[in-house]
Amino acid sequence: MSPDTVPAAGFDRELGLDELLRSVDRARLADALVALLGTGLRLSDVRGRELLARGEVHGGVRLPVRGEMEPIGYLECDATEAQAAAAVVLLQWILRANARYLMASELHLQAVHEDYAELQRRHAALQESEARYRELALHLEQRVAEQVQTIEATQRRLYQSEKLASVGQLAAGVAHEINNPIGFIASNLNTAQGYLQRLGHWAEQLPAAPDLAAVQQAWAAADLGFVLQDFSDLIDESRSGAARVARIVADLKGFSRVDQGGEEAADINAIIRQVCNVAEGQIRGRLAPVFVLGEVPPLRCNAAQLGQVILNLLLNAADAVTPPGVVTFETAVAQGQLRLRVHDNGGGIPPTVLPRIFDPFFTTKEVGRGTGLGLTVSNDIVRAHGGRIEVDSRPGAGTTFTVWLPLR
Ligand SMILES: Nc1ncnc2c1ncn2[C@@H]1O[C@H](COP(=O)(O)OP(=O)(O)O)[C@@H](O)[C@H]1O
Ligand SMILES: [Mg+2]
């Protein structure tokens, strides 16, 4: 510890007399000391620097002014020793009080400074992390936008593919339907060829036959009576098979234009029958269609698209019923509009599911079986025709879809 400082107990700073007097009104202190001592006085620090002086001092008393222990200065005056000692005690009290005040205020200032520095540090750190977050947010926003785009594109593709998927399903059913008659027509033609050979063989024998009885005997031996009868049956069966193929192909034509605009005046009853014909292979054994088709005027529409709506409703009904189920198609004019009702006696739709069935990708079917787009596409098609689809369903009571189409 240097000799001119006061140890500041508990603090790491020591204060000199000069410093201690800095915040003291020295003139008033001097006045007070003069009044107390009744003589002039001189107050100096340990180095002899004069800090306070009043009047003349003729080398009377010189007493140390102490800090805690060591002298930090000297008081000189011409008063008595007792007076001077009393003045020193007072002076020390004042200085000590002042020292405490200075320490406290310094500590306070230091704390404030530290707080401020800490605050600045935190502020800088906050700014930095805010900038980082902003950058991150921007990056995230971009990523999200990209993802949304990808999802939208995928959804659009799926939406398109749902349109194609039901057509594809249809094609599979149709191939099966056509394959069957073609198969038996081919087999019939084979049999017919055999029959022709048997007839030809019999005819070759005619010129050499001695009499009519021999001809008849050869006829009976080759069982040509049966051959003729069966030949005729084969041809009947083949003709009806060919007619069935022709009908399916004709019905199918309606579906080949699904994605082409083209409005025409169409007979909705005919469209319903066509769809059921074409889809017969897919619903056979599961669902039997019943037709309650009223007298309805021709409807200006895209027949291929409406066919798709009907197909979607039909296939949903087939999925909903416990075989053998029934789906009833009912058409009528009601409230100036064309009303098509498709009612099935399936399991119905639970109330929790009902509000969601038109949502894109909503399906209760297992993965790979349902796309959840059938009703979305159907709803879009009907809306594009200025109409709407309603649904009424209760679990156990089956489901009725009602399609309203304005007659324009
Ligand atoms: N006739 C119906 N009976 C019961 N539920 C149905 C019927 N039609 C539609 N649904 C319900 O609506 C859902 C959505 O149908 P849809 O959009 O055609 O998609 P998907 O048939 O691919 O599931 C179905 O998964 C099913 O839960
Ligand atoms: Mg469906």
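Residues numbered from 1 in each chain as written. Chains lettered and ligands numbered in written order. Predicted model: local features only at pLDDT ≥ 70, side-chain atom pairs only at ≥ 80, totals over all residues. Heavy atoms only, no water.

Visitor: Account for a nonpolar patch on the surface, with residues named and values stated.
Guide: A contiguous nonpolar patch, built from L36, V89, L90 and W93 and spanning about 380 Å² of accessible area, is present on the exposed surface. Ranked by residues supplied to the nonpolar patch, first place goes to helix α3 (residues 81-205) with three residues. Relative to the helices and strands, L36 resides in helix α2 (residues 26-37). A relative accessible area of 38% means that L36 is categorised as partly exposed. (Patch = residues over 30% accessible without salt bridge, like charges linked within 9 Å, V, L, I, M, F, W, Y side chains within 5 Å. Areas by Shrake-Rupley, 256 points an atom, 1.4 Å probe, with all protein chains shown as cover. Salt bridge = Lys/Arg side-chain N within 4 Å of Asp/Glu carboxyl O. Helix = DSSP H or I, 4+ residues; strand = E, 2+ residues; numbered from the N terminus. Buried < 20%, exposed > 50% of the residue type's maximum accessible area, 1.4 Å probe, protein only.)

Visitor: Let's hear about helix α4 (residues 212-221): which residues, and what values?
Guide: Among the ten residues in α4, one count as buried, and that is only a small part of the element. Backbone geometry just downstream of α4 places D223 in the positive-phi region, at approximately 55 degrees.

Visitor: I'd love a proper account of the sheet that holds strand β12 (residues 388-393), names of residues and values included.
Guide: Adjacent strands of a sheet form backbone hydrogen bonds with each other and so pair up, either parallel or antiparallel. Strand order in this open sheet of five strands is β8-β10-β11-β13-β12, and the pairing throughout is mixed. On the outer flanks of this sheet lie β8 (287-293) and β12, each paired with one strand and no other. Sheet twist, expressed as the mean angle between neighbouring strand axes with direction ignored, is 15 degrees. Two strands pair when backbone bridges link them, and β12 and strand β13 (residues 399-406) are joined in this way by six bridges, in the antiparallel orientation. By the bridge assignment for β13, E390 is matched with T402. Relative to the sheet, helix α6 (residues 268-278) contacts β8, β10 (325-334), β11 (337-344) and β13, its axis offset from that of β8 by approximately 170 degrees. (Pairing = 2+ DSSP bridges. Axes fitted to C-alpha atoms, helices over the stretch in contact; angles between N-to-C directions. Contact = heavy atoms within 4.5 Å.)

Visitor: Hey, could you go over α6 for me, with residue numbers and the actual values?
Guide: Across the eleven residues that make up α6, a large majority, eight, are buried. Of the positions making up α6, those classed as buried are I268, N269, I271, I272, V275, C276, N277 and V278. For α6, the N-terminal cap is D267; the gap from its side-chain oxygen to the backbone nitrogen of N269 is 3.0 Å. (Polar contact = N/O pair within 3.5 Å; in protein donor to acceptor, adjacent residues only side chain to side chain.)

Visitor: Account for the environment of I248, naming residues and giving values.
Guide: Locating I248 in the fold gives a position in helix α5 (residues 224-255). Sequence separation of I248 and E81 is 167 residues, and the distance between their C-alpha atoms is 138 Å. Sequence-distant contacts of I248, that is, excluding residues within four places in its chain, are made with V174, E177, I178 and V278.

Visitor: Tell me what's going on with the site of ligand 1, and back it up with residues and numbers.
Guide: D344, T363, T364, K365 and L375 are the nearest of the 18 residues found near ligand 1. A distance of 2.8 Å separates a nitrogen atom of ligand 1 from a polar side-chain atom of D344. Here an oxygen atom of ligand 1 and a side-chain polar atom of T364 are 2.5 Å apart. For ligand 1, whose accessible area on its own is 530 Å², the fraction buried by protein is 92%. For the shell around ligand 1, the secondary structure elements donating two or more residues are α8 (303-320), α9 (374-384) and β13. Of the residues contributing to the shell around ligand 1, the split by class is seven nonpolar, nine polar and two charged. (Near = heavy atom within 4 Å. Nonpolar A, V, L, I, M, F, W, Y, C, P; charged D, E, K, R; others polar.)

Visitor: Outline the domain arrangement of the protein, listing residues and values.
Guide: In terms of domain boundaries, the protein breaks down into domain 1 (6-119) and domain 2 (258-408). The gap between the C-alpha centroids of domain 1 and domain 2 is 106 Å. (Domains from an automatic or database assignment.)

Visitor: An account of the nonpolar core is needed here, citing residue identities and associated values.
Guide: Ranked by internal contacts, the top residues of the largest apolar core, which has 42 residues, are I268, L287, L306, L314, F329 and L405. Looking at this core, the elements with two or more residues in it are α6, β9 (299-301), α8, β10, β11, α9 and β13. The greatest single-element share of this core, amounting to ten residues, is contributed by α8. When near neighbours in sequence (up to four residues on either side) are disregarded, L314 contacts V275, C276, A279, I283, L287, V327 and F329. (Core = buried A, V, L, I, M, F, W, Y, C linked by side-chain atoms within 4.5 Å.)

Visitor: Any details on the state of the cysteines? Residues and values, ideally.
Guide: Tallied over the full model, the rule gives zero disulfides. Between C276, a cysteine without a disulfide, and C301, which holds the nearest cysteine sulfur, the sulfur-to-sulfur distance is 16 Å. Using a relative accessible area of 6% as the deciding quantity, one classes C276 as buried. For C301, a relative accessible area of 1% puts it in the buried group. (Disulfide = S-S within 2.5 Å.)

Visitor: How would you sum up the confidence of the model for the protein? Please name residues and give values.
Guide: Here the protein shows a mean pLDDT of 87. Residues at 70 or above account for 90%. When mean pLDDT is taken per element in the protein, β11 scores highest with 98 and strand β1 (residues 6-7) scores lowest with 44. Note that pLDDT drops below 50 for residues 1-13; the model gives that stretch 33 contacts with residues more than four away or on any other chain. (pLDDT = per-residue confidence, 0-100.)

Visitor: Got a sec to walk through the sheet that holds strand β4 (residues 50-54)? Specific residues and values, please.
Guide: Reading across from one edge, β4-β3-β6-β5 is the order of the four strands in this open sheet, with antiparallel pairing throughout. The open sheet has two edge strands with one neighbour each: β4 and β5 (61-66). For this sheet, the mean angle separating the axes of adjacent strands, direction not counted, is 15 degrees. In terms of strand pairing, strand β3 (residues 41-45) meets β4 through four bridges, oriented antiparallel. Pairing of L43 across the sheet is with L52, part of β4. Its contacts with the sheet put α2 on β3, β4 and β6 (71-77), and the angle it makes with β4 is roughly 50 degrees.

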